[in-house]
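# Observations on chain architecture
One letter stands for each residue in the lines below.
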Amino acid sequence: MAEETPTPKGDMQVADIMRVMQLLPHRYPMLLIDRIIDIDGDKSAVGIKNVTINEPHFQGHFPDMPVMPGVLIVEAMAQTAGAVVMNNMGAVADTKTVYFMTIDGARFRKPVVPGDVLELHVSMIRSRGPVWKYSGKAMVGDTLVAEAEFSAMIADRDASQGTQPPKIAKAQAKPTGDA
């Protein structure tokens, strides 16, 4: 079921992995999206997850027949939506974080296996204050593999509770002393 990674459409925004890490507090092994394409404000986007055999969950799910756990597919959809909301918030996002609240109507249609490129299509249903609700469809190529509705809350970050992700600094060359 492996497919080529899609290319973004027209004038839509794109978020590479470095931007995704600025927007979300998640890190490996729980950061489940590699990039986001076709970002249309906070309305919709497509997250991309390249599924690889070296991910830790495949050691036990299942050793002889690796299948990506459905709960991680839903988490990847939610991370895509959370990053889209944070991206749309601009500079205010530096003081906020996203907390998953609900999952509704989750359905798993086909297994996702190493080598698949998982496309996470998310669309906003509504937002009320700090609460956002999205629908998501996970696709491998033209095949629907999972779907769900989910909501999250945008809240102030509390650095004392460890929810402050590290800032991404520019890489700088360091002298080696081997001149």
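In the block above lies the structure referred to throughout.
A brief structural summary. (Residues numbered from 1 in each chain as written. Predicted model: local features only at pLDDT ≥ 70, side-chain atom pairs only at ≥ 80, totals over all residues. Heavy atoms only, no water.)

### Some points on the sheet that holds strand 4 (residues 96-108)
If you trace the 7 strands from one edge of the open sheet to the other, you get 1-2-3-5-6-7-4, paired in antiparallel fashion. The open sheet has two free edges, formed respectively by strand 1 (13-15) and strand 4, since each of these has just one partner strand. Ignoring strand direction, the axes of neighbouring strands in this sheet form an average angle of 25°. Across 7 bridges, the pairing between strand 3 (residues 44-50) and strand 5 (residues 117-128) is antiparallel. What sits directly across from glycine 47, in strand 5, is leucine 120. (Pairing = 2+ DSSP bridges. Helix = DSSP H or I, 4+ residues; strand = E, 2+ residues; numbered from the N terminus. Axes fitted to C-alpha atoms, helices over the stretch in contact; angles between N-to-C directions.)

### Brief notes about the pattern of salt bridges
Tallied over the entire structure, the rule returns 5 salt bridges. With its nearest N and O atoms 2.5 Å apart, the salt bridge here joins lysine 96 to aspartate 156. Residue lysine 96 is found in strand 4, and its partner aspartate 156 is found in strand 7 (residues 143-156); the two are separated by 60 residues along the sequence. As a salt-bridge pair, lysine 133 and aspartate 104 come within 3.6 Å of each other at their nearest N and O atoms. Here aspartate 104 lies in strand 4 and lysine 133 lies in strand 6 (residues 131-140), a separation of 29 residues in the sequence. By relative accessible area, lysine 133 is classed as buried at 16%. Residue aspartate 104 is classed as partly exposed on the basis of its relative accessible area of 33%. In this structure, a network of salt bridges that share partners links the residues Asp104, Lys133 and Glu149. (Salt bridge = Lys/Arg side-chain N within 4 Å of Asp/Glu carboxyl O. Buried < 20%, exposed > 50% of the residue type's maximum accessible area, 1.4 Å probe, protein only.)

The quantities given are spatial measurements derived from coordinates; they are silent on function.
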